Amino acid sequence: AGKEFRASVVGLVKEAIGDAGGWCMFIHDPELLMKGAADRPYWQHPAALVESDRIGSGTRIWAFAHVTAGVVVGRDCNICDHTFLENGAVVGDRVTLKCGVYLWDGVMIEDDVFVGPNVSFCNDPYPRSKVHLDVHPKTVIRRGASIGSGAVILPGVEVGAYAMVGAGSVVT
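The rules we used
- Residues numbered from 1 in each chain as written.
- Predicted model: local features only at pLDDT ≥ 70, side-chain atom pairs only at ≥ 80, totals over all residues.
- Heavy atoms only, no water.
- Helix = DSSP H or I, 4+ residues; strand = E, 2+ residues; numbered from the N terminus.
- Buried < 20%, exposed > 50% of the residue type's maximum accessible area, 1.4 Å probe, protein only.
- Polar contact = N/O pair within 3.5 Å; in protein donor to acceptor, adjacent residues only side chain to side chain.
- Contact = heavy atoms within 4.5 Å.
- Pairing = 2+ DSSP bridges.

(A) Examining the side chain of Q44 more closely. Among the secondary structure elements, Q44 is positioned in strand β1 (residues 43–44). Relative accessible area serves as the criterion here: at 17%, Q44 is assigned to the buried category. A polar contact is formed between the side chain of Q44 and the backbone oxygen of A48, at a distance of 3.0 Å. Q44 has contacts with V50 and I61, leaving out every residue within four places of it along the chain.

(B) Up close: the sheet that holds β1. As summarised here, the arrangement of the seven strands in space is β1-β3-β6-β9-β12-β15-β18, forming an open sheet in which the pairing is parallel. Either end of the sheet is taken by a strand with one partner, and the two such strands are β1 and β18 (164–165).

(C) Inspection of unusual backbone geometry at higher detail. The phi dihedral of F64 is positive, around 65 degrees, even though this residue is not glycine. Residue placement: F64 occurs in the loop between β3 (60–61) and β4 (66–67). We note that Y162 has phi near 60 degrees; this positive angle belongs to a residue other than glycine. Structurally, the position occupied by Y162 is in the loop between β17 (158–159) and β18. Looking at Y162, the relative accessible area reads 60%, which means it is exposed.

This is the structure in C-alpha cells:
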C-alpha cells in the first residue's frame, strides 16, 4: 500500500504542476517527501510544510500551508492553501480555515468555526519593527462562529459562540 500511496501522490503532484521535468526541482526527493505519510492520522499535501506533531486525525492540510511547531490543530479540520499557523495558535475540531488565513501566537479557535478567505488576525495592539511582546493578547473565536471573507480581528477580541462576522468587518 505504501508504494501505491506514493505513486498516487507523485501522480497528483505531476498533474497539479505539470510534467515538464521541472517538478523534480519542486520535490527534490519523492521518497523523503512520502516518509511517514502512511503513518500520519491526517492528510498533508506534498507542498505543505507541517512542523507540528499535534495535528488531529482526519484533518486535511493543503498546498503551501505552513503549520509551525507548537501549533495544535484538532480533528477533521480543513486547512486550505496559503495559510500560516504560528506557534501558540490553537485550532479546535472541525474548523475550516480558507485560503490566505494567518493565525498568530495568542489566537485560539474553538470547535466548528468557519474562517473565510483572507481573514486577518492581529496579535499586537501597538506593533513596531523588531519590538516583540513577551505575551500576546488572547484572541478567542468561540464555538460555531463564522467569520466572513476579509474581516480583520484585532488583538484581545472574543467573538461569541455562533456569531456571524460579516465580510470586510473590523472587529475591535
